[in-house]
Amino acid sequence: MSTESTPLSAEAPYFPAIPGEHPYIHFFGTRGSIPVSGPRFVRHGGNTSCVAIGVGENYFVIDAGSGIRDLGLQLLKDGPRKIHLFITHTHWDHIQGFPFFAPLFIPGYQVVIYGASGFGKDLKSIFRGQLDRDYFPVQFEDMRAKIDFQILETESVVLNDFKIEWESTHHPAATLGFKVTWKGRTMGYVSDNEFLPGFHGAPQWLDESSKIFAPHAKLIRFLRDVDLLVHEAQYTNQEYMSKVGWGHSSMSNACLLAKLTRAKRWIIPHHDPMHDDATLASKLNLTREVLSTLDHSIEVTHAFDDMIAYF
Ligand SMILES: [Zn+2]
Ligand SMILES: [Zn+2]
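Here the structure is a predicted model, which is why all the values come from computation and not from measurement.

Visitor: Sorry, what's going on with the side chain of His 231 here?
Guide: If you trace the backbone, His 231 turns up in strand E11 (residues 228–231). The buried category is assigned to His 231, whose relative accessible area is 1%. Polar contacts involving the side chain of His 231 include one to the side chain of Asn 193, which spans 3.1 Å.

Visitor: Explain unusual backbone geometry here, please?
Guide: The phi torsion of most residues other than glycine is negative, and most of the peptide bonds are trans. In this model, Asp 63 sits at a positive phi of 75°, which is unusual for a non-glycine residue. Its location among the elements puts Asp 63 in the loop between strand E3 (58–62) and helix H1 (68–75). For Asp 63, a relative accessible area of 0% corresponds to the buried category. One non-glycine residue, Asp 225, lies in the positive phi region at around 65°. With respect to the helices, strands and loops of the structure, Asp 225 is situated in the loop between helix H4 (217–223) and E11. With relative accessibility at 38%, the residue Asp 225 sits in the partly exposed group.

Visitor: Explain the pattern of salt bridges here, please?
Guide: Any two side chains of opposite charge can pair, so long as their charged atoms come close to each other. What the rule picks out here adds up to seven salt bridges. The partner of Asp 276 in a salt bridge is Arg 40, with the nearest N and O atoms 2.9 Å apart. Taken together, the residues Asp 276 in the loop between strand E12 (265–268) and helix H7 (277–293) and Arg 40 in the loop between strand E1 (24–29) and strand E2 (50–55) connect sequence positions 236 residues apart. Exposure remark for Arg 40: the relative accessible area of 49% places this residue in the partly exposed category. A salt bridge links Lys 183 to Asp 161; the nearest nitrogen and oxygen atoms lie 3.9 Å apart. In this pair, Lys 183 is assigned in the loop between strand E9 (176–182) and strand E10 (185–190) and Asp 161 in the loop between strand E7 (157–159) and strand E8 (162–168), connecting sequence segments 22 residues apart.

Visitor: Help me understand helix H3 (residues 123–130) in this model?
Guide: Structural remark: α-helix, 3.6 residues per turn; residues separated by three or four positions point the same way. If you check which residues of H3 are buried, you get Leu 123, Phe 127 and Gln 130. End-on, the buried residues of H3 take up no more than an arc of 60°, which puts them together on one face. Elements in contact with the buried residues of H3: helix H2 (92–95), strand E5 (110–115) and strand E6 (146–151). The N-capping residue of H3, defined by a side-chain oxygen 3.2 Å from the backbone nitrogen of Lys 124, is Asp 122.

Visitor: Any chance you could explain the coordination of the zinc ion (ligand 2) here in plain terms?
Guide: Around the zinc ion (ligand 2), the protein contributes the donor atoms His 89 (NE2), His 91 (ND1) and His 171 (NE2), which lie 2.1 to 2.2 Å from the metal centre. Sequence spacing among the residues donating to the zinc ion (ligand 2) works out to H-x1-H-x79-H.

Visitor: I keep staring at the coordination of the zinc ion (ligand 1) and nothing clicks. Help me out?
Guide: Metal coordination angles have textbook ideals: 109.5 degrees for a tetrahedral set of four donors and 90 or 180 degrees for an octahedral set of six. Looking at the zinc ion (ligand 1), the protein donor atoms are Asp 93 (OD), His 94 (NE2), Asp 192 (OD) and His 270 (NE2), and they sit 2.1 to 2.2 Å from it. Coordination geometry of the zinc ion (ligand 1): the four donor atoms subtend angles of 90 to 160° at the metal centre, consistent with an arrangement described as irregular. In this structure, the zinc ion (ligand 1) lies 3.6 Å away from the zinc ion (ligand 2). Of this pair, His 94 sits in helix H2 while Asp 192 is found in the loop between E10 and H4, placing the two residues 98 residues apart along the sequence. Both residues of the pair, His 94 and Asp 192, belong to the buried class.

Visitor: Sorry if this is basic, but what is going on with the sheet that holds E2 here?
Guide: The strands making up a sheet are joined through hydrogen bonds of the backbone, oriented either antiparallel or parallel. What the seven strands build is an open sheet, ordered E6-E5-E4-E3-E2-E1-E14; its pairing is mixed. Whereas interior strands pair on both sides, the edge strands pair on one side only; in this sheet they are E6 and strand E14 (308–310). Adjacent strand axes in the sheet meet at a mean angle of 25°, parallel and antiparallel pairs treated alike. Those strands touched by H3 are E5 and E6, and its axis lies near 135° from that of E6.

Visitor: Looking at this model, I keep getting lost on the sheet that holds E7. Mind explaining?
Guide: Taken together, seven strands build an open sheet; the order of strands is E7-E8-E9-E10-E11-E12-E13 and the sheet is mixed. Here the strands that pair on one side only, and so sit at the sheet edges, are E7 and strand E13 (299–302). Neighbour to neighbour, the strand axes of the sheet diverge by 20° on average, direction disregarded. As judged from the four bridges shared by E12 and E13, these two strands associate in the parallel manner. Bridge pairing in E13 places Ile 267 opposite Thr 301. The sheet strands contacting helix H6 (residues 251–261) are E11 and E12, and the helix crosses E11 at an angle near 155°. On top of the sheet, H7 reaches E12 and E13; it is set at about 160° to E13, its chief contact.

Visitor: I would appreciate a short explanation of the pairing of E10 in the present structure.
Guide: Consecutive side chains along a regular strand alternate between the two faces of the sheet. With five of six residues buried, E10 lies mostly within the body of the structure. In sequence, E9 turns back onto E10 through a hairpin of two residues, with Lys 183 there showing a positive phi of about 45°. Relative to E11, E10 runs parallel, the two sharing four bridges. Considered in E11, the bridge of Met 187 is made with Leu 228.

Thresholds, definitions, all that
- Residues numbered from 1 in each chain as written.
- Chains lettered and ligands numbered in written order.
- Predicted model: local features only at pLDDT ≥ 70, side-chain atom pairs only at ≥ 80, totals over all residues.
- Heavy atoms only, no water.
- Helix = DSSP H or I, 4+ residues; strand = E, 2+ residues; numbered from the N terminus.
- Buried < 20%, exposed > 50% of the residue type's maximum accessible area, 1.4 Å probe, protein only.
- Polar contact = N/O pair within 3.5 Å; in protein donor to acceptor, adjacent residues only side chain to side chain.
- Salt bridge = Lys/Arg side-chain N within 4 Å of Asp/Glu carboxyl O.
- Arc of directions from axis to C-beta.
- Contact = heavy atoms within 4.5 Å.
- Donors = N, O, S within 2.8 Å, 3.2 Å for Na, K, Ca; no water.
- Tetrahedral: all angles 85-135°; square planar, octahedral: opposite > 155°, others 65-115°.
- Pairing = 2+ DSSP bridges.
- Axes fitted to C-alpha atoms, helices over the stretch in contact; angles between N-to-C directions.

The following block contains the structure:
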């Protein structure tokens, strides 16, 4: 609390305030794999991956899942501007909202799309292919905004006071996790990552020096000590038994990663389309239990569509 907001006596009116500004992450889509809808999904929502990160009027976007449609409609209120869109990878649930992103159709908007170089096709041809006449009525060339592509190489990107860095994750495509730093505040965003592929045991029995962590050492270092970790935990441990290699973590393996990064808080996005609100509520309860077993009871919660969290 700032000293100005602290009254001198118990009788004086008290108006608590957090000193200074804090950046936010606004979740527009928190579902993995495919959108869902219906009464069983009302609380968490059903749009696929899209978040906006910013302070005040300065913000940028990560991923173009179906949630980006809502974001686009909100953006129209402010008039033409330059929009920076980072893509973790080009699986459907991270790009399927792109053709419905309204600013793309309006002259004056400028959209810069940042992504990894991929394993074969370049980023532009993947986005262009998605708009092929076989899949969508409007072609890339018909979009009226100025669209540019930028491949993320080894250096970071700086936008206003935000520094954006990236690291590869363990996922069946060229996939990036991002770290965002703003005036010393940090957030790690890793939507798709299979931590400890094939490991089904109890994580409390693993020694921190175990060789099993070697393939993940760079990502753990990258995320170390972030103020807020946004990382998936898509499968229950039972589901993970039959989903090794699908690119997503079991709940308990994700808990161990949260501990190893020493993140201060954890928000879990990218919910499985099979998990309705009741399933997610009990899964979160179990996640807290596993963190406690690991002696790492940090604040953890599930992301939901339209959630805003500060870091
Ligand atoms: Zn995904
Ligand atoms: Zn994916």
